[in-house]
Structure formats: structure tokens, C-alpha cells
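Okay, here's what each chain looks like letter by letter:
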Amino acid sequence: ITANTNGNIILTTTSFSFSAQASDSNLSNLKVYLNNQLISNEAQNSFSQTLTLSQNGNTIRVVATDTFNNVSILEINNIFVDSLGPVLTINRYDG
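Conventions and cut-offs
Residues numbered from 1 in each chain as written. Predicted model: local features only at pLDDT ≥ 70, side-chain atom pairs only at ≥ 80, totals over all residues. Heavy atoms only, no water. Helix = DSSP H or I, 4+ residues; strand = E, 2+ residues; numbered from the N terminus. Rg over C-alpha atoms; globule rule 2.2 N^0.38 Å. Contact = heavy atoms within 4.5 Å. Areas by Shrake-Rupley, 256 points an atom, 1.4 Å probe, with all protein chains shown as cover. Core = buried A, V, L, I, M, F, W, Y, C linked by side-chain atoms within 4.5 Å. Buried < 20%, exposed > 50% of the residue type's maximum accessible area, 1.4 Å probe, protein only. Salt bridge = Lys/Arg side-chain N within 4 Å of Asp/Glu carboxyl O. Pairing = 2+ DSSP bridges.

Novice: Which residues make up the overall build of the chain, and what are the values?
Specialist: Summing up its helical and strand segments, the chain has 0 helices and 8 strands in all. For the chain, the sequential pattern of α-helices and β-strands runs β-β-β-β-β-β-β-β. For the chain, the C-alpha radius of gyration of 19 Å lies well beyond 12 Å, the compact-globule estimate for 95 residues. Across its three principal axes, the chain shows a C-alpha extent of roughly 80 × 25 × 20 Å. Here the contacts in the chain between residues at least 6 apart in sequence split such that 54% fall between residues at least 24 apart. Counting every atom, the chain has about 6,800 Å² of accessible surface; 46% of that belongs to carbon and sulfur.

This is the structure we're talking about:
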């Protein structure tokens, strides 16, 4: 994992191992979203999974809610995958 000067996270593979943990004795659920799509809705305080990211920008959001409806949100933006090499073209010139 590398980060450039714009604060982006640059990965060279689409596979991203990710874990999250919430510390609250009254936790109701822990939701994990990848690019605004719900990928996990746990009734426990931890999550661990290998995610498959797209070549474009990715966002991971973790939302923890306790039984009193207090909510904490952690969002990781600007996760990019650059696993494609440059395209080269050779032109033949006559003369």
C-alpha cells in the first residue's frame, strides 16, 4: 500500500484484506459498505474479510450503532487500484 501526495491510497492488486472492530458493550450492529454497497451487517463487534476492489476509486465505510442508537462512522476514501501496466504502441515508418 502506498499513498501519494493527494492522500490517495494506491494498491497494485484488487484484493484488499480488511478488518474493523468496534468497542462498545452495547453494540447493536456493525455495517461495512464498499462503494455504497452493504457487504456486511454483523451483530458482533468485529469484521474481517478480503474485499475485491475495482480499478477505479473505492470507498470503504464502517458504521457502528449501539442499542441506544448512537452511531460512529469511519470512512476511507480514495482507494485506487493500479494493476494495469502502460500500453505501448510501435509505429513503423517507411522512408
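Novice: For the nonpolar core, give the residues involved together with the corresponding values.
Specialist: Ranked by internal contacts, the top residues of the largest apolar core, which has 17 residues, are Phe16, Phe18, Leu51, Leu53 and Ile60. Of all elements in the fold, only strand S3 (15-21), strand S4 (27-34), strand S6 (46-52), strand S7 (58-66) and strand S8 (71-81) reach the threshold of two or more residues within this core. With 4 residues, the top contributor of residues to this core is S4. Setting aside residues up to four positions removed in sequence, Leu53 forms contacts with Leu11, Thr14, Phe16, Leu34, Asn58, Ile79 and Val81.

Novice: Describe the pattern of salt bridges, naming the residues involved and giving the relevant values.
Specialist: Considering all chains together, one arrives at 2 salt bridges under this definition. Arg61 is the salt-bridge partner of Glu75, the closest N and O atoms lying 2.7 Å from each other. Note that Glu75 is positioned in strand S8 and Arg61 in strand S7, a separation of 14 residues in sequence. Arg61 sits in the partly exposed class, given a relative accessible area of 21%. Between Arg92 and Asp94 there is a salt bridge, and its shortest N-O distance comes to 3.0 Å. As far as the burial class goes, Arg92 and Asp94 line up, both exposed.

Novice: Outline the pairing of S8, supporting the account with residue identities and numerical values.
Specialist: Of the strand pairs in this sheet, strand S2 (residues 9-11) and S8 are connected by 3 bridges, and their pairing is parallel. By the bridge assignment, Ile10 is partnered in S8 with Phe80. The sheet contact formed by S7 and S8 spans 7 bridges and is antiparallel. Bridge pairing links Val63 to Ile73 in S8. Linking two consecutive strands that pair antiparallel, namely S7 and S8, is a turn of 4 residues; a positive phi of about 65° is found at Asn69 within it.

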